[in-house]
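Observations on the three-dimensional arrangement
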Amino acid sequence: MEYQDGEALVCMDCGATHEPEGGLLVCGKCGGLLEVAYPRSVFRSVSFNGRGVWRYRSILPRVERTVTLGEGDTPLVKVERLGESLGLRNLYVKFEGANPTGSFKDRGMTVAVSIALKFHARSVACASTGNTSASMSAYAARAGLRSIVFLPDGYVAPGKLLQAVAHGSTIVRVRGNFDEALKTLLSHREELGVYVLNSVNPYRVEGQKTVAFEIWEGLNRTPDFVVYPVGNAANISSGWKGFKELVEAGLADSKPRMIGVQAEGAAPIAKAFLRGEEAIETVEKPETVATAIRIGRPFSWKRALKALRDSRGTAVTVSDGEILRAQVDLARMEGLFAEPAGAAPVAGLARLSKQGFFKGDETIVAVVTGHGLKDPSVNIEPYAELIIHPGENPAEALRKLL
Ligand code: AN7
C-alpha cells in the first residue's frame, strides 16, 4: 500500500486505513488495534544517525517537537557465567533498566508524547502496573503536559509509584487489578479529555520497536532467539515489527525466533500458544510476584500470538520461585539488577534449556525490561548480614556467622 503523505494508521483486524489524527486510538470502523504503516519509499531510504531511539528517526513517525530524555542505546551485555549455568554459550542481555526512568517504556513514551504535542493534547493518561505510569509522568513533565495515572491499588512497586508522584502526576487508585483500571480509563477517556498513552496507542509500539534495531546493530547480525517477558504483549509485538522492518529495508537477511515468557498466574497468551489455540482465555484474577506483568486481559494478545507463530518461536510459563531465582542469578553472576518481570526471560530460558529446547550455541538475547531498584518490596534471600557495635572485630564476628 502506498500513502501519499507519510505514515498512516492501519487496523490490524479489518485493514481499514486511517489518517493519523489527534485522539484516534482504535479503528473507527471495527474497534481493532491500529498499527503505524509507512510508505514503501521510507524503507528504500533508511539511514541511522546519532544515538538512542531517535537514531532511527527515518523509520519513526514524523514529529514536530521531540520530547526526549536520551532514551535507548542501552547496554547489550554478553553474560557468560549466567549462560554457562544455563548451558547457553552465546547469551546476551539487553538491559532496558538503563533507560532514563528505568524501563523499556521510555522508548515508546518519547515517541508517543512527542505525537501528543503534535496533536495538541493538553493532558495525557494511562492505566499501568507501574512502569508505564513512571515513564509517562516523566515525559509529560518534560513536555509540560498534565498527566493522570490509573493504578491498581496496592499492586504497584513502590519505586514506580514514587516516580509518578515525583513527576507530578495525579494518581487515581483503582480498587481492582490492572485490567479493571484500564477499562475504567478507556470508558471515560472522552469525559476526562485525555490522550491515552497505554500501548493501545500505536505510537508507543513505534518507539519500542527500536530495541530490535539496537540488538541487530549491536551484534552485527540477527540473533537466533529474542526473549521477552509478556504482560499486555505490546513489547514483544513491537520487537517483532522492528525485526520485520529491518528485513523490509534490506538491512537484515533474517528474522529471529521470538520467545514470550509469562508468569504462571498470569499466562493467557503462553497457555493459548502452547495449546495451539486461536484465541486466549482471559484470567480473571491474575497473580504473580512480578507485578509489572500481573495482567489477565492482555490487549495485544492477537498480534503477540501471530508474532510467536510467524517467527516459529515459542512461549513458556514460569513460577514466582523461578522468577526470583533468575533475578538473584542475574544480580549475583552478572551484576545486572532487574525487577522480577525483567528477570522473567532468564527464568524462561532456564525452563526451556532444561527441557532440551536449545542446542547450546544459538545466539540468544534476553530483553531485561526493568531495573531492580523499581521494586524494593521484593525479598531477596538468602543474604549474609552482620550487626556489630563500634569497636567489635568484624572478622571474628564473620567467622562465627559463616
Ligand atoms: C518491566 O507499566 O504493562 O507485554 O502498565 O513493566 O508490553 O505489557 C508494564 C509491562 C515487561 C510487559 N516488563 O510488557 C505497565 C505495564 C516490565 C514491564 C512488561 C512490563 P508488555
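What counts as what
- Residues numbered from 1 in each chain as written.
- Predicted model: local features only at pLDDT ≥ 70, side-chain atom pairs only at ≥ 80, totals over all residues.
- Heavy atoms only, no water.
- Helix = DSSP H or I, 4+ residues; strand = E, 2+ residues; numbered from the N terminus.
- Rg over C-alpha atoms; globule rule 2.2 N^0.38 Å.
- Buried < 20%, exposed > 50% of the residue type's maximum accessible area, 1.4 Å probe, protein only.
- Lys, Arg positive; Asp, Glu negative; His and termini not counted.
- Charge placed at Lys NZ, Arg CZ, Asp CG, Glu CD.
- Pairing = 2+ DSSP bridges.
- Contact = heavy atoms within 4.5 Å.
- Axes fitted to C-alpha atoms, helices over the stretch in contact; angles between N-to-C directions.
- Polar contact = N/O pair within 3.5 Å; in protein donor to acceptor, adjacent residues only side chain to side chain.
- Disulfide = S-S within 2.5 Å.
- Near = heavy atom within 4 Å.
- Areas by Shrake-Rupley, 256 points an atom, 1.4 Å probe, with all protein chains shown as cover.
- 1 Å grid on protein atoms, 1.4 Å probe; cavity = no way out; pocket = protein on both sides within 12 Å on 5 of 7 lines; lining within 4 Å.
- Sits in = over half its atoms within 2 Å of the grid points.
- Domains from an automatic or database assignment.
- Phe/Tyr/Trp six-rings, centres within 6.5 Å; stacked < 30°, edge-to-face > 60°.
- Salt bridge = Lys/Arg side-chain N within 4 Å of Asp/Glu carboxyl O.

Check the secondary structure of the protein and you find 14 helices and 13 strands. Relative to the 2.2 N^0.38 estimate, which gives 21 Å for 402 residues, the radius of gyration of the protein is 21 Å and therefore close to what a compact globule would have. The dimensions of the protein, computed from C-alpha atoms along their principal axes, are 75 × 45 × 45 Å. When burial is assessed residue by residue, the protein has 58% of its 402 residues classed as buried. Taking the 48 positively charged and 45 negatively charged side chains of the protein as two groups, their mean positions are separated by 1 Å.

As a further point, take the sheet that holds strand S8 (residues 170–174). The strands making up a sheet are joined through hydrogen bonds of the backbone, oriented either antiparallel or parallel. Here four strands make up an open sheet; going across it, the order is S8-S7-S6-S9 and the pairing parallel. Each edge of the open sheet is held by one strand with a lone partner, namely S8 and strand S9 (195–196). Where strand S7 (residues 146–152) meets S8, five bridges bridge the pair, whose relative direction is parallel. Within S8, the residue paired with Pro-152 across the bridge is Val-174. Running over the sheet, helix H4 (residues 131–143) touches strand S6 (123–127) and S7 and is turned about 170° from S7.

The next subject is the environment of Tyr-195. Checked against the element boundaries, Tyr-195 lands in strand S9. We classify Tyr-195 as buried; its relative accessible area is 5%. In the structure, Tyr-195 is positioned 83 residues away from Ala-112 in sequence and 9.8 Å away in space, judged by C-alpha atoms. Reaching out from Tyr-195, the side chain makes a polar contact with the side chain of Asn-201 at a distance of 3.1 Å.

Below, the discussion takes up the state of the cysteines. Under the defined criterion, the tally for this structure stands at zero disulfides. Free cysteine Cys-27: the closest other cysteine sulfur is in Cys-14, separated by 3.8 Å.

The next thing to look at is the site of the ligand. In the region of the ligand, 21 residues are neighbours, and Asn-131, Thr-132, Asn-232, Ala-233 and Thr-369 sit closest. Take Thr-129: an N or O atom from its main chain is 2.8 Å from an oxygen atom of the ligand. At 2.7 Å, a backbone N or O of Ala-233 approaches an oxygen atom of the ligand. In isolation the ligand has 480 Å² of accessible area, and contact with the protein removes 98% of it. Taking a 2 Å distance to the grid points as the criterion, the majority of the atoms of the ligand fall inside the largest cavity. Of all the secondary structure elements, the ones that give two or more residues to the shell around the ligand are H4 and helix H9 (234–248). Both domain 1 (76–102 + 204–374) and domain 2 (103–201) contribute no fewer than three residues apiece to the shell around the ligand.

Under the definition given, this model contains nine aromatic pairs. Relative to Phe-43, the ring of Tyr-38 lies with its centre 6.2 Å away and its plane at 90°, an arrangement referred to as edge-to-face. Judged by relative accessible area, Tyr-38 falls into the buried class, the value being 8%. Phe-43 sits in the buried class, given a relative accessible area of 8%. Centre to centre, the rings of Phe-357 and Phe-358 are 4.9 Å apart; their planes meet at 85°, and the pair counts as edge-to-face. Here Phe-357 falls in the partly exposed class, since its relative accessible area comes to 31%.

Under the criterion given, the structure shown has 22 salt bridges. Linking Lys-241 and Glu-206 is a salt bridge whose minimum nitrogen-to-oxygen distance equals 2.7 Å. Here Glu-206 lies in helix H7 (residues 202–208) and Lys-241 lies in helix H9, a separation of 35 residues in the sequence. Comparing Lys-241 with Glu-206, the two get one shared label, buried. Between Glu-245 and Lys-241 there is a salt bridge whose closest N-O contact spans 2.9 Å. Here Glu-245 and its partner Lys-241 are both found in helix H9, four residues apart, which amounts to about one turn of the helix. For the pair Glu-245 and Lys-241, a shared accessibility class is recorded, and that class is buried. Salt bridges here are not isolated pairs; linked through shared partners, they connect Lys-94, Glu-96, Arg-107 and Glu-214.

Any link to function would need more than the numbers given here.
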